[in-house]
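Chain by chain, the residues:
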Amino acid sequence: SPDYVFWIGLADGAMFITVMLLLNFHISTVIFAVSNATGFWMAFLQPGDDSFACPFTESFQLLGNVGVNSLITVAAGGFLCIMVTFLPYPRWALFDARDTAKDLIHSMPALWKTLADFFIEAEPNAFSADKIHSRMRRLAKTVTTLEGSIANSWYECFGSCRRHYLRRVLNALDKMIHENYDRIYSTCNAITGAEDWNPLHSQMMHLLKPSLFVAIKEAEVLLQVCLESSFDGQWTEVEVVAIQKMCASLRRAEGELTKAFQDARDQLVQGIDEATRNKECMKALLLEHMFVHNFAGFVRLVLGFADDLVQQSKDSKHFPPVTERPTISSLWDRTVVLDRAHLTWVARACLSIFTGFAIGYFGFMDLFNKFDASIATTSSVLLSKFLGSAMVKNLGRVQGVVLGTVVGQIVHATLESCETRTIGALALVLFCYSCITLFTYYNSTQYSYLACLLAAFGGSGMLSGGCGTHSLDKGSSYDAILSTVCAIALIVLYDIVVSPGRASAMAYTALDSSVGTLEKALGMHFDPAVAHVRFHKGELLASISTAESMGAEANNEPRYWRTEWKNGVYNQAVEHAFRLRYNLAAMETSVAEGFEDRGMKIDVMNKLLRTPGF
């Protein structure tokens, strides 16, 4: 071929890899695309026959072409992965979302009842407090799964109006549950953190107990009926009337609870001087005020959801549509593509892949063969955006590749016969090995990446070569390990040279930014000149979550001459930041009219802000 073909092919491969890394593709898409492209890129640039032929030519063979065979392999593997989800029965994301919603509408009122049981006791019980915190942790895990199941269920609707209708209902329920979770978390922290109750506490809660438990039961029944009625995507007049009657019953229960609270408070503070009654009342019954106020907020959220559901039965578009996953236009989202951290990662990845490709193309002494893309391919497979823990991850990569390769070759050499029983034994070993490694991959936090590499390299090693002949090639195994070590060395080198910064510094900046956001929110809420309430809970949650992830990275980064990272102290600071965030979220919804973002401040808040000395 003419020389320009080589240079065009070289430029084409470099441009493809750079664009794939630069655009906002998912990291898995980038890894598979770039790792496959490097192999074909090297095959194209290598002189000689590359088994490629253009379609619709005499030399083109459908089953003998390398590219076509690769597409068939990927398509078959993808098809099998999809079919596995249907065994032993289909696992639909929409059904998972529905089951999760059922669990949540039972767990949320049950947790309020547990809190009420704890708060009604004469004094705090440490065992009951631990039980509440345990349930809160389980509830937090369940709450986070509902949103993802709703988003993934878009692919399963197939244009069905009923399924999209159910997604809208579940999405509205998810938002209501998140708002209530903020309230119940702040309530939980307040009452379980108290060392002792006020002397008036037992009398107050004893008077509130009947009305409180009636309201909890009414709220749970209303949520269950609302959800069950909306599952089939159709509404009957009987269901609508039943929900309206239950709403009226819950409103009566809320009114009775409010009246019981006011009567009990007035009864308990009768002996206090009228001039200081309000101050002493708030001081003595502060936790009781907070508990009843947050529970009343929960009841109103439930009533609001039920009322919206009745409107949804009349107008199928009353609930807003579900926010779908990013479209194709998100690939060139400037906030991501032009982000400094992303550009730095692109530079590191490009340098690692292109340097490995150059070493493989030219070869190096007897260590690396010429026209071998394994270093570049391995660099592509090992792409990650970890910062502080990159060194730990890279050491884990070496372990995964070496152990996977050795285990694969041992099994293949032991079971190399073409006999039926040997092939069956190989299949059984491969199945058990894949089950163990993939189970670890999906269920372990610390060893997930190691297990993934063990599954990939070990499985491919067991199936490499043919049967009936001694196909154990120790030389190629050593070459594979050597290429992996070289690829990891390049990644470590460019991580140091083109470093975006230390993870510990980023962790400090993120936590400091969280404190700044909290100060800004409180300043706006307590400023008499600001008439509206803007919610900051989402912004603050994102900032604290970033600080939490950066703290984990900082704990794994090499400190060299620096002092040890105070991981325990930092985690405590993050935990308290999360608690402050939940308290802020409860406060924001409490002082906003209609519990809505950018709502007007309620009259009580405005009066407090105008009070001298507040």
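Structure first, text after, so check above.
Parameters at a glance
Residues numbered from 1 in each chain as written. Predicted model: local features only at pLDDT ≥ 70, side-chain atom pairs only at ≥ 80, totals over all residues. Heavy atoms only, no water. Helix = DSSP H or I, 4+ residues; strand = E, 2+ residues; numbered from the N terminus. Buried < 20%, exposed > 50% of the residue type's maximum accessible area, 1.4 Å probe, protein only. Contact = heavy atoms within 4.5 Å. Areas by Shrake-Rupley, 256 points an atom, 1.4 Å probe, with all protein chains shown as cover. Lys, Arg positive; Asp, Glu negative; His and termini not counted. Charge placed at Lys NZ, Arg CZ, Asp CG, Glu CD. Expected span 1.5 Å × (residues − 1). Patch = residues over 30% accessible without salt bridge, like charges linked within 9 Å, V, L, I, M, F, W, Y side chains within 5 Å. Salt bridge = Lys/Arg side-chain N within 4 Å of Asp/Glu carboxyl O. Core = buried A, V, L, I, M, F, W, Y, C linked by side-chain atoms within 4.5 Å. Axes fitted to C-alpha atoms, helices over the stretch in contact; angles between N-to-C directions. Parallel < 35°, antiparallel > 145°, perpendicular 65-115°, else oblique. Left-handed = near helix turned anticlockwise from the far one by under 90°. Nonpolar A, V, L, I, M, F, W, Y, C, P; charged D, E, K, R; others polar. Phe/Tyr/Trp six-rings, centres within 6.5 Å; stacked < 30°, edge-to-face > 60°. Lys NZ or Arg CZ within 6 Å of the ring centre and 35° of its normal.

Focus on the overall build of the protein chain
Turning to step 1, where the next piece is worked out: Across its full length, the protein chain holds 21 helices and two strands.
Turning to step 2, where the next piece is worked out: The principal-axis extent of the C-alpha atoms belonging to the protein chain is close to 100 × 65 × 45 Å.
Turning to step 3, where the next piece is worked out: When each of the 614 residues of the protein chain is scored for burial, the buried share is 40%.
Turning to step 4, where the next piece is worked out: Sequence-distant contacts, at least 24 apart, represent 78% of the contacts inside the protein chain between residues at least 6 apart.
Turning to step 5, where the next piece is worked out: When the accessible surface of the protein chain is split by element, carbon and sulfur atoms take 62% of a total near 33,900 Å².
Turning to step 6, where the next piece is worked out: Across the protein chain, the centroid of the 51 positively charged side chains sits 4 Å from that of the 60 negatively charged ones.

Looking at helix α15 (residues 420-443)
Turning to step 1, where the next piece is worked out: Compared with the 34 Å implied by 1.5 Å per residue over 24 residues, the 34 Å span of α15 between its first and last C-alpha is a close match.
Turning to step 2, where the next piece is worked out: When α15 is considered as a whole, its buried residues turn out to be T422, L426, Y433 and T437.

Considering a nonpolar patch on the surface
Turning to step 1, where the next piece is worked out: Residues F79, L80, I82, M83, F86 and L87 make up a contiguous nonpolar surface patch of roughly 610 Å² in combined accessible area.
Turning to step 2, where the next piece is worked out: Within the element layout of this structure, F86 appears in the loop between α3 (66-84) and α4 (93-120).
Turning to step 3, where the next piece is worked out: Looking at F86, the relative accessible area reads 31%, which means it is partly exposed.

What about unusual backbone geometry?
Turning to step 1, where the next piece is worked out: Even without being glycine, F371 reaches a positive phi, approximately 60°.
Turning to step 2, where the next piece is worked out: Tracing the sequence through the fold places F371 in the loop between α12 (340-362) and α13 (374-381).
Turning to step 3, where the next piece is worked out: Among the residues examined, F371 registers a relative accessible area of 25% and is labelled partly exposed.
Turning to step 4, where the next piece is worked out: Phi at R598 is positive, roughly 65°, even though this residue is not glycine.
Turning to step 5, where the next piece is worked out: With respect to the secondary-structure elements, R598 resides in the loop between α20 (567-591) and β2 (599-600).

What about the pattern of salt bridges?
Turning to step 1, where the next piece is worked out: On inspection of all chains with the given rule, the structure shows 11 salt bridges.
Turning to step 2, where the next piece is worked out: Note that K259 and D263 form a salt bridge whose closest N and O atoms lie 2.8 Å from each other. Of the two residues, K259 and D263 are both situated in helix α8 (residues 237-268); the distance of four residues between them amounts to about one turn of the helix.
Turning to step 3, where the next piece is worked out: Classification of D263 as partly exposed rests on a relative accessible area of 38%.
Turning to step 4, where the next piece is worked out: As a salt-bridge pair, E419 and R421 come within 3.2 Å of each other at their nearest N and O atoms.
Turning to step 5, where the next piece is worked out: On the basis of relative accessibility, which here comes to 67%, the residue R421 falls in the exposed class.
Turning to step 6, where the next piece is worked out: Where salt bridges share partners, they join D182, K537 and R581 into one cluster.

Brief notes about the nonpolar core
Turning to step 1, where the next piece is worked out: Within the largest apolar cluster, 94 residues are counted, with the highest numbers of intra-cluster contacts made by L173, L222, F291, F295 and F305.
Turning to step 2, where the next piece is worked out: Beyond its immediate chain neighbours, meaning those up to four positions away, F291 contacts W112, L115, A116, F119, T187, M205 and L212.
Turning to step 3, where the next piece is worked out: With 19 residues, the next largest nonpolar core counts I17, V34, L45 and A376 among its residues.

Quick notes on the packing of helix α7 (residues 201-230) against α8
Turning to step 1, where the next piece is worked out: Axis separation between α7 and α8 bottoms out at 9 Å; the angle between their running directions is 165°. The angle between the axes of α7 and α8 places the two elements in the roughly antiparallel class. Judged by the sense of rotation from one axis to the other, the crossing of α7 with α8 is left-handed.
Turning to step 2, where the next piece is worked out: Classifying every residue of the contact of α7 with α8 gives 21 nonpolar, five polar and four charged.

What about the packing of aromatic side chains?
Turning to step 1, where the next piece is worked out: Under the criterion given, the structure shown has 17 aromatic pairs.
Turning to step 2, where the next piece is worked out: Ring centres 6.2 Å apart and planes at 70° place the aromatic pair W41 and F354 in the edge-to-face group. Separated by 313 residues along the polypeptide, W41 in helix α2 (residues 27-45) and F354 in helix α12 bring together distant segments of the chain.
Turning to step 3, where the next piece is worked out: Judged by relative accessible area, F354 falls into the partly exposed class, the value being 27%.
Turning to step 4, where the next piece is worked out: An angle of 75° between the planes, with centres 5.4 Å apart, marks the rings of W112 and F295 as edge-to-face. With a gap of 183 residues between them, W112 in helix α4 and F295 in helix α10 (residues 286-314) connect regions that are remote in the sequence. Note on accessibility: W112 and F295 belong to one class, buried.
Turning to step 5, where the next piece is worked out: Among the aromatic residues, those joined into a cluster by ring pairs are F6, W7, Y361, F362 and F371.
Turning to step 6, where the next piece is worked out: One cation-aromatic arrangement involves R98 over F95; the distance from NZ or CZ to the ring centre is 4.8 Å.
Turning to step 7, where the next piece is worked out: Over the ring of W92 we find R163; its NZ or CZ atom is 6.0 Å from the centre of that ring.

Observations concerning the environment of A93
Turning to step 1, where the next piece is worked out: Its place among the elements puts A93 in helix α4.
Turning to step 2, where the next piece is worked out: Sequence-wise, A93 and T187 are 94 residues apart; in three dimensions their C-alpha atoms are separated by 32 Å.
Turning to step 3, where the next piece is worked out: Beyond its immediate sequence surroundings of up to four residues, A93 is in contact with S149, N152, S153 and E156.

Regarding the packing of helix α6 (residues 161-192) against α10
Turning to step 1, where the next piece is worked out: In the contact formed by α6 and α10, the axes pass within 9 Å of each other and the chain directions differ by 175°. When the axis of α6 is compared with that of α10, the two are roughly antiparallel.
Turning to step 2, where the next piece is worked out: Residue classes in the contact of α6 with α10 are distributed as 14 nonpolar, eight polar and three charged.

Quick look at the environment of P612
Turning to step 1, where the next piece is worked out: If you trace the backbone, P612 turns up in the segment after α21 (603-610).
Turning to step 2, where the next piece is worked out: The spatial distance from the C-alpha of P612 to the C-alpha of Y582 is 28 Å, given a sequence separation of 30 residues.

So, α2
Turning to step 1, where the next piece is worked out: Compared with an ideal rise of 1.5 Å per residue, which puts 19 residues at 27 Å, α2 spans 27 Å between its outermost C-alpha atoms and is within 8% of the ideal.
Turning to step 2, where the next piece is worked out: Restricting attention to buried positions, one finds in α2 the residues V30, I31, V34, S35, A37, T38, W41, M42 and L45.
Turning to step 3, where the next piece is worked out: In this structure, the buried residues of α2 make contact with α1 (3-22), α12 and α13.

Some points on the side chain of S128
Turning to step 1, where the next piece is worked out: Assignment of secondary structure puts S128 in helix α5 (residues 126-152).
Turning to step 2, where the next piece is worked out: Ignoring anything within four residues of it in the chain, the contact list for S128 reads F118 and E121.

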